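Below, each chain spelled out in residue letters.
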Amino acid sequence: MSSLYLHIPFCHHKCVYCGFYSTARYIDRDLYTESLLKELHTRKDFIDNSLQTIYFGGGTPSLLSLQQAEKILTGIENVYDLSNVTEITFEINAENADADYLKGLKRLGINRLSIGIESFDDEDLRHLNRSHTSFQAETAIKNAVNAGYENISIDLISNLPFSCFEKWKKNLDIFISYNLPHISCYTLMIEQGTMLEKLIQNKKYFPVSEEYALKEFDYTMNVLKKNGYIHYETSSYAKPGFRSEHNTAYWTFQPYLGLGAGAHSYNGNIRVWNKEDAELYMSYYQGETSSKIQSYELLTSEDRFNEYVMLSARMQNGLDRKYVKKRFPEYYENFSRRCREMINDGFLNEDLSLTLKGWHLQDSLILNLCNV
Ligand SMILES: C[S@@+](CC[C@H](N)C(=O)[O-])C[C@H]1O[C@@H](n2cnc3c(N)ncnc32)[C@H](O)[C@@H]1O
Ligand code: SF4
């Protein structure tokens, strides 16, 4: 079974930290919707016909009207067998979480919301250049619950250079008070080309120390575990039965088709990515240009092995010795030797999942296990 991702690359404005492809320039949303449907028809055979998960990500999908969302979902229904779909996620920006809008999405079949909150602290939100206040963030959660969604996730960002440990603790307390089933706690990444990178270069902010980052990571893991959440991937915590199926499909190498400007696709052998240019994307699907809008990469066995290590090591179950031996026999000996060293040094458990010491150093451990 396969997954479908739709990239909606418009944003009200650009947040200082965000390196995802999105634009605050005017994009004709009807035309973009039409282009998505044309791409869907053109590329539908990239994956098999039976879908398991669908994900509207961005950018800001919640800038789509209900009519536009319906048009896209109807288009998908006309092309794929949806009888096995278990999860349809829609990313919501807190300022767009109007009660009627969320109820309307539910009527269309959306059964999971991922709300971008980042922090419940107004000062943090101003530094991040978010379009919403903490009041709007909490209202978004309440509206989602009242609209009848059971499967709700929020995003928070830790290690903010302008924030503090007390605020992070309060963020988690507020999340816990709503008893939601899922949270993604991302570590702030200083992405190239962002305003945040410039502010750091100009010494307006200083990245948090490694020691501070570990303190937030450990606190997050402990407090969420104590409250019944399973730490199933580096940044992801879920109550039993509420893991993100779509993201889990990515992390376990299931095939997916990504539609929209900047979207990526993968079918086990080949990776395809659409150019990050919404205007060019629309011109192409309106037949106004024949410029190249996609790039391809045929994956070598080494690429696949490295991806396996990078993604699996971040997951609760860790790496699988038997799988590596069977799928990547040429790398097995080295892999096995390095794993043994890491077990002896206390970074990996015998089942090759990360120990607490391992979680702390995971980026360098993963690099050490990759074939580079
Ligand atoms: C692709 S964004 C889209 C979500 C939605 N547009 C929003 O902002 O609410 C998904 C999530 O990625 C996370 N994110 C984006 N840039 C990040 C960065 N530089 N470091 C850490 N997390 C980041 C944020 O938590 C954000 O909610
Ligand atoms: S974080 Fe979300 S709203 Fe902000 S620029 Fe990125 S995609 Fe847009």
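Residues numbered from 1 in each chain as written. Chains lettered and ligands numbered in written order. Predicted model: local features only at pLDDT ≥ 70, side-chain atom pairs only at ≥ 80, totals over all residues. Heavy atoms only, no water.

1. Topic: helix α11 (residues 301–312)
In step 1: Counted at 1.5 Å a residue, the expected span for α11 with its twelve residues is 16 Å, and the 16 Å between its end C-alpha atoms agrees.
In step 2: Of all the positions in α11, only Phe 305, Asn 306, Glu 307, Tyr 308, Val 309 and Ser 312 are classed as buried.
In step 3: Buried positions along α11 lie against β11 (270–274), α12 (321–327), α13 (329–344) and α15 (362–369). (Helix = DSSP H or I, 4+ residues; strand = E, 2+ residues; numbered from the N terminus. Expected span 1.5 Å × (residues − 1). Buried < 20%, exposed > 50% of the residue type's maximum accessible area, 1.4 Å probe, protein only. Contact = heavy atoms within 4.5 Å.)

2. Some remarks on the site of ligand 1
In step 1: Surrounding ligand 1, one finds 18 residues, the nearest of these being Gly 59, Glu 118, Arg 130, Asp 155 and Met 189.
In step 2: A distance of 2.6 Å separates a nitrogen atom of ligand 1 from a polar backbone atom of Gly 59.
In step 3: Against a free-state accessible area of 560 Å², the protein chains account for coverage of 93% of ligand 1.
In step 4: Those elements that place two or more of their residues in the shell around ligand 1 are β3 (87–93), β4 (112–118), β5 (151–158) and β6 (182–187).
In step 5: Residue composition of the shell around ligand 1, by class: seven nonpolar, six polar and five charged. (Near = heavy atom within 4 Å. Polar contact = N/O pair within 3.5 Å; in protein donor to acceptor, adjacent residues only side chain to side chain. Areas by Shrake-Rupley, 256 points an atom, 1.4 Å probe, with all protein chains shown as cover. Nonpolar A, V, L, I, M, F, W, Y, C, P; charged D, E, K, R; others polar.)

3. Overview of the domain arrangement of the chain
In step 1: Here the chain is partitioned into domain 1 (2–251) and domain 2 (301–369).
In step 2: Using C-alpha coordinates to define each centre, domain 1 is positioned 28 Å away from domain 2.
In step 3: Contacts between domain 1 and domain 2 engage 14 residues on the former and eight residues on the latter.
In step 4: Buried surface at the junction of domain 1 and domain 2, both sides included, amounts to about 1,100 Å², of which 58% is carbon and sulfur.
In step 5: Seen at the junction of domain 1 and domain 2, the total is one salt bridge. (Domains from an automatic or database assignment. Buried area = accessible area lost by both parts, 1.4 Å probe. Salt bridge = Lys/Arg side-chain N within 4 Å of Asp/Glu carboxyl O.)

4. Description of the site of ligand 2
In step 1: Cys 11, His 13, Lys 14, Cys 15, Tyr 17, Cys 18, Ser 22, Gly 59, Thr 60, Asn 93 and Arg 130 make up every residue found near ligand 2.
In step 2: Looking at the shell around ligand 2 residue by residue, the class counts come to four nonpolar, five polar and two charged.

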